[in-house]
Amino acid sequence: MNGFTASELNELRNQFPALHQRVFGKPLVYLDNAATTQKPQLVIDRITKYYSYENCNIHRGVHYLSQEATAAFEDVRTKVAGFIHAAKSEEIIFTKGTTESINLLAGSLDGFLIGIGDSVLVTGMEHHSNLVPWQQLCKRNQAKLLVAELDDRGEVFLEQFGKLLEQKPKLVAITHISNALGTINPVKEMIAMAHANDIPVLIDGAQSVAHMHVDVQDLDCDFFVFSGHKMYGPMGVGVLYGKEKWLDKMPPWQFGGEMVDQVSLQETTFNQLPFKFEAGTPNVAGVLGLGAAIEFLNQTSLEKIGQHEHQLLDLAMEKLRSVQGIRFIGNAKNRAGVISFVVDGTHPTDIGTLVDKMGVAVRTGHHCAQPVMTRFDVPGTVRASFALYNTAEEVEVFAAAVQKAAGMLH
Ligand code: C6P
């Protein structure tokens, strides 16, 4: 496992202004990357440049600025397609983020793919964004929400998953990486199992795209969704990838400008892909910022990022083990740079608040995955999540801070 050299890491860190500040008089140790990553200067500059000189509505102007902004926007669509290895840029739909991408799907598939008395299959580790839209769709259709359960390590019982597929759900919706447990699901295998039963699969890639190489054609997923802000890009922009064979037939979700072809007072015909699913003025600055984030990631090897984050994970686990009463929630064999834990006799929020005063930013609570907390019988966890710019020294500071906080609370 190689990861980055010290000088590579230093050079990467220097691109992130937010990392070079102090909080409560201490150097910031930012370990809340699963919630959102910090932004490199080139992403910030891209957004500033757009609003300074290029600001314009797109797809609807004949003038210079509009033509330029439209070309830049569509260029990012091509970049996104390349980044996740989609077959065509028309398969890339811009949204506000993972949550909106899933709501778009749940809205469009309601009545088109999933109807009265059908079922949808999810896992017990889904973020609320990949659970509640399906749960509510099922309620609207008197359909059944099937749930593949988790073992004590926080892995999906694949045998039970296989059994549930025999009930012929209309869709399987699963997370690539759990934001609460760090589990990397064997999605390629799960997709193949679902496809053997002719069932399409949605992968929630919110926690994977910035940490591992994603190839949607190799995975063969039918849909893949993610957010810009968790991959060094801006907030308010995200992606829905869908195979053309699905998107082409699916009905639009939202209606308005841009997504139409011909409109009379009585009738409307809809625009072609991808515009059919992009009603109204999009977040142009956000999309351009996402393009810059992809450039940044393309300059940095995703393989090295994964190795580096794994080294930090191993170090953090080793250091934290000596904290009295610590219990890790999620011990999957294949896992990403996310550690969730509780310390017996303390509340996660108290640990989070105390380490914050020592300059360490972690997340505490249920991480929008309440069923996971119920499964492991905890009110919430303390969660540290790593990004490419975190260092071994920061892990040492974090572990010492947790040790100190736990000591103060015991
Ligand atoms: N998880 C976390 O701290 P949005 O908010 O739409 O960008 O992403 C939603 C989402 C969907 N799926 C997974 C697996 C996620 O982790 C998230 C966001 C953040 O873990 C905020 S709760």
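Only a predicted model underlies this, so the values are computations on that prediction, with no experimental measurement involved.

Rules behind the numbers
Residues numbered from 1 in each chain as written. Predicted model: local features only at pLDDT ≥ 70, side-chain atom pairs only at ≥ 80, totals over all residues. Heavy atoms only, no water. Salt bridge = Lys/Arg side-chain N within 4 Å of Asp/Glu carboxyl O. Buried < 20%, exposed > 50% of the residue type's maximum accessible area, 1.4 Å probe, protein only. Phe/Tyr/Trp six-rings, centres within 6.5 Å; stacked < 30°, edge-to-face > 60°. Helix = DSSP H or I, 4+ residues; strand = E, 2+ residues; numbered from the N terminus. Pairing = 2+ DSSP bridges. Axes fitted to C-alpha atoms, helices over the stretch in contact; angles between N-to-C directions. Contact = heavy atoms within 4.5 Å. Parallel < 35°, antiparallel > 145°, perpendicular 65-115°, else oblique. Left-handed = near helix turned anticlockwise from the far one by under 90°. Nonpolar A, V, L, I, M, F, W, Y, C, P; charged D, E, K, R; others polar. Near = heavy atom within 4 Å. Polar contact = N/O pair within 3.5 Å; in protein donor to acceptor, adjacent residues only side chain to side chain. Areas by Shrake-Rupley, 256 points an atom, 1.4 Å probe, with all protein chains shown as cover. 1 Å grid on protein atoms, 1.4 Å probe; cavity = no way out; pocket = protein on both sides within 12 Å on 5 of 7 lines; lining within 4 Å. Points joined across faces, edges and corners; volume = space filled by probe spheres on them. Core = buried A, V, L, I, M, F, W, Y, C linked by side-chain atoms within 4.5 Å. Domains from an automatic or database assignment.

Peer 1: Which residues make up the pattern of salt bridges, and what are the values?
Peer 2: A side chain with one charge may pair with a side chain of the opposite charge, provided their charged atoms come close. One pass over the full model with this rule turns up 19 salt bridges. Across the pair Glu-54 and Arg-46 runs a salt bridge, and its minimum N-O distance is 2.7 Å. Its relative accessible area of 18% is what places Arg-46 among the buried residues. Across the pair Arg-140 and Asp-110 runs a salt bridge whose closest N-O atoms are separated by 2.7 Å.

Peer 1: Provide a residue-level description of the packing of aromatic side chains, including the pertinent values.
Peer 2: Tallying each qualifying case throughout the model produces 11 aromatic pairs. The interplanar angle of 80° and the centroid separation of 5.5 Å between the aromatic rings of Phe-16 and Phe-296 together place this pair among those described as edge-to-face. In this pair, Phe-16 sits in the loop between α1 (6-13) and β1 (22-23) while Phe-296 sits in helix α10 (residues 284-299), placing the two residues 280 residues apart along the sequence. For Phe-296, a relative accessible area of 0% gives the class buried. Between Phe-255 and Phe-270, the ring centres sit 5.9 Å apart and the planes meet at 50°, which makes this aromatic pair tilted.

Peer 1: Can you break down the sheet that holds strand β13 (residues 326-328) residue by residue, with the values?
Peer 2: Ordered by their spatial adjacency, four strands build an open sheet running β13-β14-β17-β16, and the pairing between neighbours is antiparallel. The strands lining the two open edges of the sheet, one partner per strand, are β13 and β16 (363-365). On average, each strand axis in the sheet is tilted by 30° relative to the strand beside it, whichever way the strands run. Note: β13 against strand β14 (residues 338-343), three bridges, orientation antiparallel. When the sheet's bridge partners are listed, Ile-326 is paired in β14 with Val-343. Across the sheet, helix α11 (residues 302-320) is in contact with β13 and β14; its angle to β14 comes to roughly 15°.

Peer 1: Tell me what's going on with unusual backbone geometry, and back it up with residues and numbers.
Peer 2: Only a minority of non-glycine residues have a phi that is not negative, and only a minority of peptide bonds are not trans. Put simply, Leu-273 and Pro-274 share a cis peptide bond, and its omega is 0°. Note on placement: Pro-274 falls in the loop between β12 (268-270) and α10. Within the chain, Phe-24 stands out as a residue other than glycine whose phi angle is a positive 50°. Within the element layout of this structure, Phe-24 appears in the loop between β1 and β2 (26-27). Phi angles above zero are rare outside glycine, and Lys-168 is one such case at about 55°. In this fold, Lys-168 is placed in the loop between α6 (158-165) and β7 (171-175).

Peer 1: Any details on the packing of α6 against helix α7 (residues 187-196)? Residues and values, ideally.
Peer 2: Packed helices, taken two at a time, are described by their axes: the angle between them and the distance between them. Two numbers describe how α6 lies on α7: the axes approach to 10 Å, and their chain directions differ by 25°. Considered as vectors, α6 and α7 are oriented roughly parallel to each other. Crossing geometry of α6 relative to α7 is assigned as right-handed. Counted together, Leu-158, Phe-161, Gly-162 and Leu-165 of α6 and Glu-189, Met-190, Met-193 and Ala-194 of α7 form the full contact between these two elements. Class assignment for the residues of the contact of α6 with α7 results in six nonpolar, one polar and one charged.

Peer 1: Hey, could you go over the site of the ligand for me, with residue numbers and the actual values?
Peer 2: Taken together, 17 residues surround the ligand, and among them Thr-99, Asp-204, Gln-207, Ser-227 and Arg-363 come closest. In this structure, an oxygen atom belonging to the ligand sits 2.7 Å away from a side-chain N or O atom of His-229. Between the ligand and the protein, one listed contact pairs an oxygen atom with a side-chain N or O atom of Arg-383 at 2.7 Å. Across the complex, the protein chains shield 87% of the 510 Å² of accessible surface that the ligand would expose by itself. Across the shell around the ligand, the residue classes break down as four nonpolar, nine polar and four charged.

Peer 1: Let's hear about empty space enclosed by the protein: which residues, and what values?
Peer 2: Rolling a probe over the atoms, with the probe sized like a water molecule, indicates the empty space that remains. Counted by the stated rule, this structure contains one cavity of 30 Å³ or more. For the lining of the largest cavity, the residue count by class is four nonpolar, five polar and one charged.

Peer 1: Requested: an account of the nonpolar core, with residues and values cited.
Peer 2: Soluble globular proteins tend to bury their nonpolar side chains together. Ranked by internal contacts, the top residues of the largest apolar core, which has 74 residues, are Ile-84, Phe-224 and Leu-388. The element contributing the most residues to this core is α10, with eight residues. Looking at which domains feed residues into this core, each of domain 1 (6-39 + 301-409) and domain 2 (44-299) supplies at least three. In contact with Ile-84, other than residues within four places in its own chain, are Ile-92, Val-209, Val-214, Asp-215, Val-216, Phe-226 and Tyr-241. Among the nonpolar cores identified, the runner-up in size contains 29 residues, and Phe-328, Phe-341, Val-343 and Phe-398 belong to it.

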